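Observations on chain architecture
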Amino acid sequence: MIPITAVDVRDAEPLVVEVLRSGTLAQGPMVARFEDGFARAAGTAHAVAVNSGTTALVATLQALGLGPGDEVITTPFTFVATLNAILETGATVRFADITREDFAIDPDAVAAAITPRTRAILPVHLYGQTANLGKLVPLAEEHGLHLVEDAAQAVGATFAGRPAGSFGVGCFSLYATKNVTTGEGGVITTDDDDLADRLRLLRNQGMRSRYAYELPGHNYRMSELHAAVGIPQLAKLDELVTARRRNARQLSVGLAGTPGLALPAVLPGREHVWHQYSVLIGPHAMLARDELITELTERGIGTGVYYPKLVFDHDCFRGHPQIPEVSPAGFPVAARVADEVLSLPVHPALSESDVDTVVREVREALGA
């Protein structure tokens, strides 16, 4: 079986052993070392490590002062953490449709969704390519809104030469399958000294020094062990991204012209890091998306569907007081993409032969 993802953190063993021998397992010098490396990668003055990508979003929205009565505009085509983080602050969620070209929020739809209560725009840089920051940044500035980048899948991606996470406040996930992983973990990037200071207080129960509380906080800390896993991956981020780009290029060349298959595009001015290689299975394909999954599984090819429903389209969110009544019909592009999207293996552990096999099996399954 060629898996949809593969995790290899064996090169972290020396640092993990160092932490175990040090006797310091909670947040300490290894976390600070990881933060320094991540800030350099993101091109920001600060990187604040926390215990998950979800926490990164929650802490950022809290630090920005969002709460009941405020509105946050985001995409309906995302992982549930994006929505859950907004709900946790007490703010109201407003959704805006996406574009098929980048799977990300449509700036024109965002502009139409802004109301006097809007406080923030929360785009998601999906699959490893940024949203259209060239339009979203001026839009946020024009209306005096916070821009919070859900860059969970986009470490190393750029827009107009600037790294994801350096345009507004960047929120990254370091979950096990991400391009850089600590197993569980997250990072917040910012150039705002005051915001970074507030985030560091929030993650440590509001303490600046032991038992000196400055605000109500939480335990959002990253452990030394998690940081030790991530440091070697930051050091080889360029290598990992190069491998993903090579595999994506090989997939695109091999799958070009496959009937019913729409391939992902790298849009002008953006550098893609290929967290996922996501295609669209159109209505004229020989097999529907779910039929193709079954066929590829039988042929030994792992796949993933990210995401099979719009994020609000689950029973637990129906009638939620912070989610105005919405339906998939109100977001036709996102709804269609959710029906058609399919991710194929693109991770660095693939050999050239593996990628050739993926290409061959997909083409044969779709009658090419």
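Structure: above.
Thresholds, definitions, all that
- Residues numbered from 1 in each chain as written.
- Predicted model: local features only at pLDDT ≥ 70, side-chain atom pairs only at ≥ 80, totals over all residues.
- Heavy atoms only, no water.
- Helix = DSSP H or I, 4+ residues; strand = E, 2+ residues; numbered from the N terminus.
- Buried < 20%, exposed > 50% of the residue type's maximum accessible area, 1.4 Å probe, protein only.
- Contact = heavy atoms within 4.5 Å.
- Patch = residues over 30% accessible without salt bridge, like charges linked within 9 Å, V, L, I, M, F, W, Y side chains within 5 Å.
- Areas by Shrake-Rupley, 256 points an atom, 1.4 Å probe, with all protein chains shown as cover.
- Salt bridge = Lys/Arg side-chain N within 4 Å of Asp/Glu carboxyl O.
- Lys, Arg positive; Asp, Glu negative; His and termini not counted.
- Charge placed at Lys NZ, Arg CZ, Asp CG, Glu CD.
- Pairing = 2+ DSSP bridges.
- Axes fitted to C-alpha atoms, helices over the stretch in contact; angles between N-to-C directions.
- Polar contact = N/O pair within 3.5 Å; in protein donor to acceptor, adjacent residues only side chain to side chain.
- Parallel < 35°, antiparallel > 145°, perpendicular 65-115°, else oblique.
- Left-handed = near helix turned anticlockwise from the far one by under 90°.
- Phe/Tyr/Trp six-rings, centres within 6.5 Å; stacked < 30°, edge-to-face > 60°.

Quick notes on the side chain of N247
Mapped onto the fold, N247 is located in helix α9 (residues 237-255). Classification of N247 as buried rests on a relative accessible area of 1%. Apart from residues no more than four positions distant in its own chain, N247 is found in contact with V346, H347, P348, L350 and V355.

As for a negative patch on the surface
On the surface, a cluster of negative charge is made up of D191, D192, D193 and D194. With respect to the helices, strands and loops of the structure, D194 is situated in helix α7 (residues 193-203). With relative accessibility at 64%, the residue D194 sits in the exposed group.

A few points about the pattern of salt bridges
Side-chain pairs of opposite charge can arise where the charged atoms are in close proximity. With the rule as written, the count across this model stands at 18 salt bridges. Taking the shortest distance from any N to any O, the salt bridge between R100 and E340 comes out at 3.5 Å. Taken together, the residues R100 in the loop between β3 (92-95) and α5 (107-113) and E340 in helix α11 (residues 332-340) connect sequence positions 240 residues apart. In this structure R100 comes out as partly exposed when scored by relative accessible area, which is 29%. For E295, the salt bridge goes to R299, with nearest N and O atoms at 2.8 Å. On the basis of relative accessibility, which here comes to 24%, the residue E295 falls in the partly exposed class. Look at R299 and you get partly exposed, because its relative accessible area is 29%. Residues joined by salt bridges that share partners form a network here, namely E295, R299, R360, E361 and E364.

Focus on the sheet that holds strand β6 (residues 158-159)
In space, the 3 strands of this open sheet follow the order β7-β6-β13, with antiparallel pairing throughout. Lying at the two open borders of the sheet, with one neighbouring strand each, are β7 (162-163) and β13 (270-271).

Description of the sheet that holds strand β12 (residues 261-262)
Taken together, 3 strands build an open sheet; the order of strands is β12-β14-β15 and the sheet is antiparallel. Single-partner strands in this sheet number two, and they are β12 and β15 (341-344). Bridge count between strand β14 (residues 277-281) and β15: 4 bridges; the pairing is antiparallel. Paired with L280 across the two strands is V341, which belongs to β15. Relative to the sheet, α9 contacts β12, β14 and β15, its axis offset from that of β14 by approximately 25 degrees. The strands touched by helix α10 (residues 289-298) within the sheet are β14 and β15, with β15 carrying the most contacts at an inclination of about 25 degrees.

What about the side chain of T60?
Positionally, T60 belongs in helix α3 (residues 53-63). Owing to a relative accessible area of 0%, T60 belongs among the buried residues under this scheme. There is a polar contact of 2.8 Å between the side chain of T60 and the backbone oxygen of A56. Those residues in contact with T60 that sit more than four places away from it in its chain are V148, V169, C171, I188 and L199.

Structural notes on the packing of α3 against α7
For the pair α3 and α7, the least separation of the axes is 10 Å and the interaxial angle reads 120 degrees. Taken as axis vectors, α3 and α7 run oblique relative to one another. For the element pair α3 and α7, the recorded crossing hand is right-handed. On α7, the residues that touch A59, T60, Q62 and A63 of α3 are L195, R198, L199 and L202.

Observations concerning the packing of aromatic side chains
Applying the stated criterion to the full structure yields 11 aromatic pairs. Measuring from ring centre to ring centre gives 5.0 Å for F103 and Y127, while their planes differ by 75 degrees; the resulting arrangement is edge-to-face. Of this pair, F103 sits in the loop between β3 and α5 while Y127 sits in the loop between β4 (118-122) and α6 (133-143), and the two are 24 residues apart along the sequence. Across the pair, Y127 and F103 agree in class, each one buried. Here the aromatic rings of F312 and F331 are separated by 5.6 Å at their centres, their planes lie at 55 degrees, and the arrangement is tilted.

Topic: the environment of L66
Here L66 is to be found in the loop between α3 and β2 (71-74). On the accessibility criterion, L66 (7% relative accessible area) is buried. As for L66 and A120, which are separated by 54 residues in sequence, their C-alpha atoms are 8.5 Å apart. Look past the residues within four positions of L66 in its chain and what remains in contact with it is L61, V72, T89, R119, A120 and H146.

Function cannot be inferred from these measures alone, as they are strictly geometric.
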